[in-house]
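# Residue-level structural notes
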Amino acid sequence: MSSYSMSMDINLQKGHCLQDKNRVSLNGQSWFGYSIYFDILSRHAPLTRSEREALRGVQQTPTRVKRGGVIKGENCHQGSLLAIQDGWAYSSRLTREGDRKIIDLYLPGDIIGMRDYYQGGGVEQIVMLTEGLIIPAAKTKIDEAMEGSSNLARAFLSLAMYQSHLMADRLNNLINHDATTRIAYFILELHTRLNRTDQDAREVFLPLSQQVIGDLLGMTNVHVCRCLNQLELMGLLSRHRESRILEILDYEKLVDIARFNTAYTHHLPRLSQVAAPH
């Protein structure tokens, strides 16, 4: 494994659910007037001021989480959605052999728990890849808010469809593309998700070990390293190892190699956050 592989050895078998002692209170009045759920959902449907207040009311006390902490799974936040204010997380499932495999990544600005919203949870285990800050919201409160607002129901449905499309496209990438194309596509997916409001940005923060990338993309650590080296030798990207930054040097060519032409990820609408003074 090259020196680029981050010193982030994640034990996929272990982890402990969050404890109340980790809960934090953000200082300043800005927190009390802010709803991360409104900020996220208003990208998917226009929402009113009253709906912003409803979403502010469903969110609970923020929780600071250490790297490796389990934030959702059996007997852990099954009755809640979790918004990531800061940090990266992964979801995993057990194989028949009892191994735990990574199936998805969650980044800042993502909401966790949409796939099993009405299934009671427990199918997937969500673990923090980095230290982060999560903000829970009780499903019972969310259901009450959606019952009083078709806009909110539409926004949650749109978000669930968006996450489903991301997963389907990643699966298509794994099935139909070679290893180098998989890596190129993965970098562009992260770039798009991390730079929703600035698609001209050309840097991607990548706090992932080659083990984690390989597990997600069905590749070995060595293969991940080899493909990253190849993309670098082709002049498509540059790796800044200490800062964990990937710089995209030739965006158009990388898009061509990755066959990355998914319209919904490139052009996720940045809707007006407040549709009407309702």
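Residues numbered from 1 in each chain as written. Predicted model: local features only at pLDDT ≥ 70, side-chain atom pairs only at ≥ 80, totals over all residues. Heavy atoms only, no water.

This paragraph deals with the confidence of the model for the chain. As a general rule, the predicted coordinates of low-pLDDT regions are not to be interpreted in detail. Confidence in the prediction of the chain, expressed as mean pLDDT, is 81, and 79% of residues score 70 or more. The low-confidence segment residues 1-15, where pLDDT is below 50, has 44 contacts with residues more than four positions distant or belonging to other chains. Note on residues 24-31: pLDDT is under 50 here. Beyond four places in sequence and across chains, it has 12 contacts. (pLDDT = per-residue confidence, 0-100. Contact = heavy atoms within 4.5 Å.)

Applying the stated rule across the entire model yields 11 salt bridges. For the salt bridge of glutamate 53 with arginine 56, the shortest nitrogen-to-oxygen distance reads 2.4 Å. With glutamate 53 and arginine 56 both in helix α2 (residues 49-58) and 3 residues apart, the pair spans about one turn of that helix. Glutamate 53 gets classed as partly exposed once you look at its relative accessible area, which sits at 37%. For arginine 170, the salt bridge identified is with glutamate 189, shortest N-O distance 2.6 Å. Taken together, the residues arginine 170 in helix α4 (residues 150-176) and glutamate 189 in helix α5 (residues 179-194) connect sequence positions 19 residues apart. (Salt bridge = Lys/Arg side-chain N within 4 Å of Asp/Glu carboxyl O. Helix = DSSP H or I, 4+ residues; strand = E, 2+ residues; numbered from the N terminus. Buried < 20%, exposed > 50% of the residue type's maximum accessible area, 1.4 Å probe, protein only.)

Before going further, it helps to spend a moment on the sheet that holds strand β1 (residues 63-65). Spatially, the 4 strands line up as an open sheet ordered β1-β8-β3-β6, and their pairing is antiparallel. Strands with a single pairing partner mark the edges of an open sheet, and in this sheet they are β1 and β6 (111-112). As judged from the 6 bridges shared by strand β3 (residues 80-86) and strand β8 (residues 132-138), these two strands associate in the antiparallel manner. Bridged to leucine 81 within β8 is alanine 137. (Pairing = 2+ DSSP bridges.)

The subject of this paragraph is empty space enclosed by the protein. Counted by the stated rule, this structure contains 2 cavities of 30 Å³ or more. Each pocket or cavity is described by its volume, and for the largest cavity that value is around 150 Å³. In terms of lining residues, the largest cavity is bounded by 19 residues, among which Asp110, Tyr162, Gln163, Leu166 and Arg193 are the most central. Elements represented by at least two residues in the lining of the largest cavity include exactly β5 (100-106) and α4. For the lining of the largest cavity, the residue count by class is 9 nonpolar, 3 polar and 7 charged. (1 Å grid on protein atoms, 1.4 Å probe; cavity = no way out; pocket = protein on both sides within 12 Å on 5 of 7 lines; lining within 4 Å. Points joined across faces, edges and corners; volume = space filled by probe spheres on them. Nonpolar A, V, L, I, M, F, W, Y, C, P; charged D, E, K, R; others polar.)

Bringing the packing of α5 against helix α6 (residues 210-217) into the picture now. The contact between α5 and α6 brings their axes to 11 Å, and the two run at 105°. One way to sum up the angle between α5 and α6 is to call them roughly perpendicular. Along the contact surface, α5 presents Arg182, Ile183 and Phe186, while α6 presents Ile213, Leu216 and Leu217. Split into classes, the residues belonging to the contact of α5 with α6 amount to 5 nonpolar, no polar and 1 charged. (Axes fitted to C-alpha atoms, helices over the stretch in contact; angles between N-to-C directions. Parallel < 35°, antiparallel > 145°, perpendicular 65-115°, else oblique.)

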